[in-house]
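# Structural characterization, general
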Amino acid sequence: MRELAVFEDYADAFAVTEASVIEAGFGPEPRFGALVAEADNGALVGMAVHYIIPWTYDLRPTLVLKELFVSPQARGQGVGAALMAALVAEGRRIGAGRINWTVMVGNARAEDFYRGLGGAPDAKWRPWTLPLESEST
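Residues numbered from 1 in each chain as written. Predicted model: local features only at pLDDT ≥ 70, side-chain atom pairs only at ≥ 80, totals over all residues. Heavy atoms only, no water.

Ranked by size, the top nonpolar core spans 15 residues in total, and within it Leu65, Leu68, Val79, Leu83, Met84 and Tyr114 carry the most contacts. Breaking this core down by element, the ones donating at least two residues are β2 (44-53), β3 (62-70), α3 (79-93) and α4 (108-116). In this structure Tyr114 touches Leu65, Leu68, Met84, Trp101, Val103 and Gly119, once residues within four positions along its chain are discounted. (Core = buried A, V, L, I, M, F, W, Y, C linked by side-chain atoms within 4.5 Å. Buried < 20%, exposed > 50% of the residue type's maximum accessible area, 1.4 Å probe, protein only. Helix = DSSP H or I, 4+ residues; strand = E, 2+ residues; numbered from the N terminus. Contact = heavy atoms within 4.5 Å.)

Turning our eyes to something else, we now look at the pattern of salt bridges. Close approach of charged atoms lets side chains of opposite charge pair. In this structure the tally under the stated criterion is four salt bridges. Across the pair Glu111 and Arg115 runs a salt bridge, and its minimum N-O distance is 3.8 Å. Remark: Arg115 and Glu111 occur in helix α4; sequence separation between them is four residues, near one turn of the helix. On the basis of relative accessible area, Arg115 is assigned to the partly exposed category, the value being 45%. (Salt bridge = Lys/Arg side-chain N within 4 Å of Asp/Glu carboxyl O.)

Turning our attention to the packing of aromatic side chains. As enumerated under the stated definition, the model contains three aromatic pairs in all. Ring plane angle 80° and centroid distance 6.2 Å describe the contact between Phe26 and Phe32, whose orientation is recorded as edge-to-face. The structure contains a cluster of three or more aromatic residues connected by ring pairs, namely Trp101, Phe113 and Tyr114. (Phe/Tyr/Trp six-rings, centres within 6.5 Å; stacked < 30°, edge-to-face > 60°.)

Turning our eyes to something else, we now look at the confidence of the model for the protein chain. When pLDDT is averaged across the protein chain, the result is 91; 99% of the residues are at 70 or more. Within the protein chain, no element has a lower average pLDDT than helix α1 (residues 2-7), which sits at 81, and none a higher one than α3, at 98. (pLDDT = per-residue confidence, 0-100.)

Of all nine residues in β3, eight are buried, a share of seventy percent or more. Sheet topology places β2 next to β3; eight bridges connect them, and they run antiparallel. By the bridge assignment, Gly46 is partnered in β3 with Val70. Inspection of the sheet shows β3 paired to strand β4 (residues 98-101) by four bridges, in the parallel sense. Paired with Leu63 across the strands is Ile99, a residue of β4. Crossover connection from β3 via α3 to parallel β4: handedness right-handed. (Pairing = 2+ DSSP bridges. Right-handed = clockwise from strand over helix to strand, strands pointing away.)

And the structure:
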């Protein structure tokens, strides 16, 4: 996750710890799921973090890919495709109607990757953000 924060240029705001990941993702009420890929030596080389929107207009869940990251040394080896295939399998398992995700502006390599899997930019919806400052600021 730190490598992703560096890649996406928010490392100075990165606040995730091992304990927070365990609490939020692996406690009694997980708020996200994670698929990981590991090298032959056991080192993690990729991750797909996702969460579920329980139902939408078609009464089926939407699986949201929050983060897909493959370490630079493992790129081009099928790790991202394997993670996406596992995510598709998870979507089918839960009866999802779709998988949604965002791509960082200017990341043409990611756009090409997703297009190669059959993905496409959403022609109807554009993501928006409303930052919320903490009460202490």
